[in-house]
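Residue strings, one per chain:
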Amino acid sequence: MHIFALSLLARLQLLPLNLLQMFMMLRRSSGLRNFRSSSSKSASRKQFCLSIKKLELKLCPFPMTMRIRKDSTGIPHILEHSVLCGSRKYPLKEPFVELLKGSLHTFLNAFTYPDRTCYPVASTNAKDFYNLVDVYLDAVFFPKCVEDIQTFQQEGWHHELNDPSEDITYKGVVFNEMKGVYSQPDNILGRSSQQAVFPDNTYGVDSGGDPLDIPKLTFAEFKEFHLKFYHPSNARIWFYGDDDPMERLRILSEYLDMFDVSTAPEESIVKSQKLFLKPVRIVKKYPATEGGDLKKKHMLCLNWLISDEPLDSETELALGFLDDLLLGTPASPLRKILLESSLGEAIVGGGVEDELLQAQFSVGLKGVSKEDIKKVEDLVMDTLKSLAETGFDTDAVEASMNTVEFSLRENNTGSFPRGLALMLQSIGKWIYDMDPFEPLKYQKPLMALKARIAEEGNKAVFSPLIEKYILNNPHRVTIEMQPDAEKASCDEAAEKKLLDEKKASMTEADLSKLARATRELRLRQETPDPPEVLKSVPSLSLQDIPKKPVQIPIKIGDINGVKVLHHDLFTNDVLYSEVVFDMSSLKQELVPLVPLFCQSLMEMGTKDMDFVQLNQLIGRKTGGISVYPFISSVRGKADPCSHMIVRGKAMSGRIEDLFNLINHIIQDVQFTDQKRFKQFISQGKARMEDQLQGSGHNIAAARMEAKLNVAGWIGEQMGGVSYLEFLQSLEEKVDLHWNEISSSLEEIRRTLFTKSGCLINLTADAKNLTNSEKHVGKFLDLLPSSSSAESKIWKARLPTISEAIVIPTQVNYVGKAANLYETGYEFNGSAHVISKHISNTWLWDRVRVSGGAYGGYCDFDTHSGVFSFMSYRDPNLLKTLNVYDGTSDFLRELEMDDGALTKAIIGTIGDVDSYQLPDVKGYSSLVRYLLGIEEEERQKRREEILSTSLADFKEFAERMNLVKDNGVVVAVASADDVDNANKERPNFFEIKKAL
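In this report, we go over the structure that sits alongside the text. (Residues numbered from 1 in each chain as written. Predicted model: local features only at pLDDT ≥ 70, side-chain atom pairs only at ≥ 80, totals over all residues. Heavy atoms only, no water.)

### Structural notes on the overall build of the chain
A count of helical and extended segments in the chain gives 36 helices and 26 strands. Its C-alpha atoms give the chain a radius of gyration of 28 Å, near enough to 30 Å, the size a compact globule of 995 residues would have. Seen along its three principal axes, the alpha-carbon backbone of the chain occupies a region of about 75 × 70 × 60 Å. Scored against the burial criterion, the 995 residues of the chain give a buried share of 60%. Contacts in the chain between residues far apart in sequence, at least 24 positions, make up 84% of those at least 6 positions apart. (Helix = DSSP H or I, 4+ residues; strand = E, 2+ residues; numbered from the N terminus. Rg over C-alpha atoms; globule rule 2.2 N^0.38 Å. Buried < 20%, exposed > 50% of the residue type's maximum accessible area, 1.4 Å probe, protein only. Contact = heavy atoms within 4.5 Å.)

### Considerations on the state of the cysteines
Scanning the entire structure with this criterion turns up 0 disulfides. There is no disulfide at cysteine 85, and the cysteine sulfur nearest it, in cysteine 145, is 7.4 Å away. Cysteine 85 sits in the buried class, given a relative accessible area of 4%. (Disulfide = S-S within 2.5 Å.)

### A word on the pairing of strand β24 (residues 866-872)
The buried fraction of β24 amounts to 7 of the 7 residues, a majority that puts the element mostly inside the structure. Relative to β24, strand β22 (residues 813-819) runs antiparallel, the two being bridged by 5 bridges. Within the sheet, the bridge partner assigned to alanine 817 lies in β24 and is serine 868. As paired strands, strand β23 (residues 855-860) and β24 are joined by 6 bridges and run antiparallel to one another. (Pairing = 2+ DSSP bridges.)

### Digging into the nonpolar core
Counting residues in each nonpolar core, the largest one holds 85 residues, and the members touching the most others are Phe597, Met644, Phe659, Phe677 and Ile760. The element best represented in this core is helix α22 (residues 655-668), accounting for 7 residues. With residues near it in sequence (within four places) discarded, phenylalanine 597 still touches Met644, Phe671, Leu745, Ile748, Arg749, Leu752 and Phe753. Counting 63 residues, the second-largest nonpolar core is a separate cluster that includes Leu79, Val133, Ile168 and Ile251. (Core = buried A, V, L, I, M, F, W, Y, C linked by side-chain atoms within 4.5 Å.)

### Focus on the sheet that holds strand β18 (residues 624-632)
Spatial ordering of the open sheet is given by β15-β16-β20-β17-β19-β18, a layout of 6 strands whose pairing is mixed. Two strands in the sheet have a free side with no partner beyond their single neighbour: β15 (555-559) and β18. Neighbour-to-neighbour, the strand axes of this sheet turn through a mean angle of 25°, independent of strand direction. Pairing of β18 with strand β19 (residues 641-651), which is carried by 9 bridges, proceeds in the antiparallel orientation. In the strand pairing of β19, phenylalanine 630 is matched with histidine 643. Across the sheet, α22 lies against β17 (574-582), β18, β19 and β20 (759-764), angled at about 25° from β17, the strand it touches most. Here helix α28 (residues 766-781) sits on the sheet and contacts β15, β16 (562-568), β17 and β20; the angle it forms with β20, its principal contact strand, is near 155°. (Axes fitted to C-alpha atoms, helices over the stretch in contact; angles between N-to-C directions.)

### Digging into the pattern of salt bridges
Within this structure, the stated rule accounts for 61 salt bridges. Note that glutamate 944 is salt-bridged to arginine 941, the shortest N-O span being 3.0 Å. Here the residue glutamate 944 and the residue arginine 941 both occupy positions in helix α34 (residues 935-946), the gap between them amounting to 3 residues, near one helical turn. Under the relative-accessibility criterion, glutamate 944 is labelled buried at 12%. (Salt bridge = Lys/Arg side-chain N within 4 Å of Asp/Glu carboxyl O.)

### A word on the environment of glutamate 526
For glutamate 526, the location among the structural elements is in helix α18 (residues 508-526). We classify glutamate 526 as partly exposed; its relative accessible area is 29%. Note: C-alpha distance between glutamate 526 and aspartate 500 (26 residues apart in sequence) is 28 Å. Apart from residues no more than four positions distant in its own chain, glutamate 526 is found in contact with Lys93, Arg846 and Ser850.

### Concerning the environment of glutamate 656
Assignment of secondary structure puts glutamate 656 in helix α22. Along the chain, glutamate 656 and histidine 775 lie 119 residues apart, while their C-alpha atoms are 5.5 Å from each other.

### Points about the packing of α22 against α28
The geometry of α22 relative to α28 is characterised by a closest axis approach of 9 Å and an angle of 30° between their N-to-C directions. One way to sum up the angle between α22 and α28 is to call them roughly parallel. In the packing of α22 onto α28, the handedness of the crossing is right-handed. On α28, the residues that touch Ile655, Glu656, Phe659, Asn660, Ile662, Asn663 and Ile666 of α22 are Asn768, Ser772, His775, Val776, Lys778 and Phe779. (Parallel < 35°, antiparallel > 145°, perpendicular 65-115°, else oblique. Left-handed = near helix turned anticlockwise from the far one by under 90°.)

### Some words on the packing of aromatic side chains
The full count for this structure, using the stated rule, is 41 aromatic pairs. Ring geometry for phenylalanine 219 and phenylalanine 222: centres 5.9 Å apart, planes at 25°, overall stacked. On the criterion of helical spacing, the pair formed by phenylalanine 219 and phenylalanine 222 is a turn pair, its members being 3 residues apart in helix α8 (residues 219-229). The class for phenylalanine 219 is buried, based on a relative accessible area of 17%. Classification of phenylalanine 222 as buried rests on a relative accessible area of 0%. (Phe/Tyr/Trp six-rings, centres within 6.5 Å; stacked < 30°, edge-to-face > 60°.)

### With respect to the pairing of β15
In the sheet, β15 pairs with β16 via 5 bridges, with the strands oriented antiparallel. Following the sheet pairing, glycine 557 is matched in β16 by valine 564. Between β15 and β16, which pair antiparallel one after the other, the connecting turn spans 2 residues, and asparagine 560 there sits at a positive phi close to 55°.

Taken by themselves, the reported measurements are silent on function.
Here's what the structure looks like:
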């Protein structure tokens, strides 16, 4: 993979001389002698390109800008969006979207920190990679947005007026994105905490933007910000991969040579926050739903600024271990004591956070009764004092050491590019004039820390850290968040008042002008770029695309009568394993208990050891174990694919320990701890409430699936509104019916964990696969041979009515879906291309760009046949549904030249060929096996994708008509928007209050 990251800083910095010399030496050796930075002036500036060579993975430059802001208008965030909306070389409306359409990218995005903005791209294809790099460099340094107020209005904010007789509203992508953020209690708490901890520097305001402040931002300020900070002298550029460093420098030279360093802006530095002389306490309110016991919905978080001086690498590493010891696992003492206190429902606060100039430590509880606020505060302080006095359990320290060291050595970043993860580790030091490589060199400080603990004991290492940086640290900010059922409506009323006053202050001519500007902006948003402009964005050709899908090695064997899948891949001496059990015999009424059953397996004890000892043993001996259900529809079958998966990983020398521990978990854990089970219910409720307010699109999508197929119903029972309702009901029953609940958990175990229907999936190199077989065989011999339960036929679905899930929110999540297979549609690979194109054109333009939502997309589940539309942080409701219903007309009228069609195909292949680390490859192969997907079918679908034609788009329009006419609608939305929708379309939504 090739990765490029360009990061722009909120301040200007000097480049360390040795790095400047290295950069200049590389440039001279490449023959690029016209580089202006060879002047004496440039030597005083920090022009820095960090280049790391790594086989197979390539990372490209990010500009990172450190910014000084005195308000929360969100200008860094709005500019992050806006620079990707056209540039000097690529003058179309949104080259970013064209890259999404037609690139093999494995990462393509941008993000804003409180002190920097990052623009990363990554691809496994070198040609594609350099295309991405060029577009991003041009966008960052030469964007059109600084001369185009309509881009500022679209991405930031603007007044919208469709007709002078109507009300004025606010619109803007970032404005609505941040409205969503400020509808989530945890986000409000996190932002309030940071701003209170850092009142005297740029961290004391919201770089993302507060919806109350965003409309105060002017276009002039927006332009000035880019001029001041988006300069090469204020950038950090990062490459990672096996491409030629000289080619990297050649590309950079084309851009950096255009700047005269004498025009570099003056230095602006993020100053360290000085420590307070005494603690601070702040009380704030957050929007809550009417009804329910709001007295038990308070939140309390204690926050410390750890130091006002930079910390050495060993101290930072020790604080990281301390954080894991305190909060990292369910067995960690601070986390365990807080949750077992029954004073709250779930932990808040991120522990140690070290991404900014100064690290902070935060911890607290949510779901707290008003009268228990002081008790929570005292419990945190008393627990920390006790731990400072006694130190930590030796096994706990060993478990933490192994867990953290395993993670560092494995370097498993999942779907996130490894080079990008390294950049994010490095940049937090680099932008503050510290060694960018230091955070990546963990081995020496790790060995030093381990040696010190072995020689002095863990108390001598960790107790002074607790005392110095927490207990005796006066820079403590206590944030109490109080629920307010009136806040959401008051905020909306205040916004409406401002807009009404704005309208009242305008003349008829002003109103006509605003209505005309609204129409002009919408026309521009909905008018396609000319074909010749679209062609300016570089793209691959179909000849650059492999004709065959990536194949994962698989060998199917047998151990003691159980099928075993082997995947011979290099894993750096780690064995990845999945033990798969059939769930089809489970009683339907037990389905909602499954998530709590999984948590109980991992967080309850056995006869021989309590759950703390069991968790510590897992940490000491393995890289982690997890238990979860896997549910999916299967194309062509009525019954779903339903399995319980126990997933684990360990170094080669610990394979026996891994399977012994899996056996302990699934067979020996006792479901007898009623108090802990009640905690699981509270935690589950808190998680579901967070999802409703922060990920309403997922909740709506799950609800629609539950109306359309059995697998969807199962999933929604275990992770949707139905699951939240189950938890609310179970909370009332657990004390009266504990024996019955405990027996049900045992029944789930007896039904699932048997040798019959078991499957083993192993991923490692050939040697470790062979060595693991004897341990797998021993594990299988210990399993019960079969279950007395018979396979069940699950036929449940939710009623196919349109629903509105009402929550306190300033934005909505709007979905519509239908099952295409039930209408006779036979799947063709072209559907992947078509659905991606609909998302990247029609929905992007109408739902996001002109509609003002943060996102809009569609998805086709090829297993179930469900085609769904969804919006994210959306100010609209019925308007968005109208856009969905217009999709069939969009496809009928669609005109695509060969270039546009090729881009759509290539972008789809990029999704299909997503970059995977070895563990994910092995897991992907397992999923294909479970769903019966053969290599021949994968090849057929790929050929269908590559041969997609415009005729396929036209034919698919009829399928979209079926969604329009027969689709079911689910929205997670505000009460006011739902009421207005039901007035416009009487009784359209059935209302369900979820919080």
